[in-house]
Amino acid sequence: MLRLDSAGRAFRRRPVFSGLDLEVTPGTRLLLAGGNGAGKTTLLRCLAGTLSLSTGRATIAGRPAGSPGARRLVGVALAPEQTLCGRLSGHDNLLLVARMRLSTREAARVVARVEEEFGITDYARVPANQCSAGMRARISVARALLGDPPVVLLDEPGRSLDTASRALLWAALDRRPGLTCVFASHLAEDRTRCDRVLAMPVRR
Ligand SMILES: Nc1ncnc2c1ncn2[C@@H]1O[C@H](COP(=O)(O)OP(=O)(O)OP(=O)(O)O)[C@@H](O)[C@H]1O
């Protein structure tokens with residue numbers, strides 16, 4: 001489902017990671033582990049296609065990461081507290097994305113589903129910039145799951161979430177056993193939630 005071949009990314013010639021080979025089969029939950037600066041967010045951004053690799057290749061179901069074909073397959077929550085349009089309600093943020101992919105009726109249906117799953121039906125009615133960081137994170141993660149993409153990329157999804165919200169997140173992922181999930185986390189409990197761990201060393 002997801003593949004890296006000799007993948008590397010450098011900033012100003014300083015490599016963050018290099019020579020990375022990885023094959024992630026459908027339905028796998030892969031945890032990116034590593035200290036601050038190890039390159040977890042950088043790798044997620046390269047898979048999402050918002051940043052390009054310096055060397056090598058990343059593909060999603062055989063399509064180059066970042067290509068329209070790959071983007072259609074991927075739900076993304078990177079910096080989940082910060083990526084909503086602040087003046088729109090959470091509900092409208094969700095609808096905006098759902099309508100890019102789906103008919104009006106289908107968009108309304110999938111938005112209602114994730115709002116219920118994440119318990120955000122009520123506060124998704126106020127402007128996102130009036131929501132707490134945890135509320136925004138819940139909306140962003142819900143947004144990544146809109147329309148059940150086969151792959152989701154989540155950057156520290158539990159960082160701002162309380163215990164109950166984290167339980168909602170994992171329950172939502174558990175309801176999607178075929179979903180391929182790549183997520184970064186510093187939370188020890190998340191090691192029990194994944195099938196594989198990619199340990200990324202911090203390069204000095
Ligand atoms: N746009 C950028 N320009 C220059 N250097 C960058 C840029 N983005 C990231 N880096 C560098 O790349 C390295 C990896 O950063 P990254 O954010 O991927 O780490 P991380 O593993 O996600 O860290 P954390 O656990 O703190 O979130 C760091 O040394 C960082 O300074």
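Residues numbered from 1 in each chain as written. Predicted model: local features only at pLDDT ≥ 70, side-chain atom pairs only at ≥ 80, totals over all residues. Heavy atoms only, no water.

Notes on helix α5 (residues 133–144)
Given 3.6 residues per turn, any residue in an α-helix points the same way as the ones three and four places further on.
Logical step 1: Here α5 spans 17 Å end to end across 12 residues, near enough to the 16 Å set by a 1.5 Å rise per residue.
Logical step 2: Counting buried positions along α5 yields 9 of 12 residues, so the element is predominantly enclosed.
Logical step 3: Among the residues of α5, Gly134, Ala137, Arg138, Ile139, Ser140, Val141, Ala142, Arg143 and Ala144 are the ones counted as buried.
Logical step 4: As for α5, its buried residues are in contact with β6 (74–77), α3 (90–101), α4 (104–117), β7 (151–155) and α6 (163–174). (Helix = DSSP H or I, 4+ residues; strand = E, 2+ residues; numbered from the N terminus. Expected span 1.5 Å × (residues − 1). Buried < 20%, exposed > 50% of the residue type's maximum accessible area, 1.4 Å probe, protein only. Contact = heavy atoms within 4.5 Å.)

Digging into the pattern of salt bridges
Side chains that carry opposite charge are capable of pairing whenever their charged atoms lie near each other.
Logical step 1: Applying the stated rule across the entire model yields 11 salt bridges.
Logical step 2: Arg159 is the salt-bridge partner of Glu156, the closest N and O atoms lying 4.0 Å from each other.
Logical step 3: On the basis of relative accessible area, Arg159 is assigned to the partly exposed category, the value being 47%.
Logical step 4: When salt bridges that share partners are traced, they join Arg113, Glu117, Asp148, Arg175 and Arg176 into one network. (Salt bridge = Lys/Arg side-chain N within 4 Å of Asp/Glu carboxyl O.)

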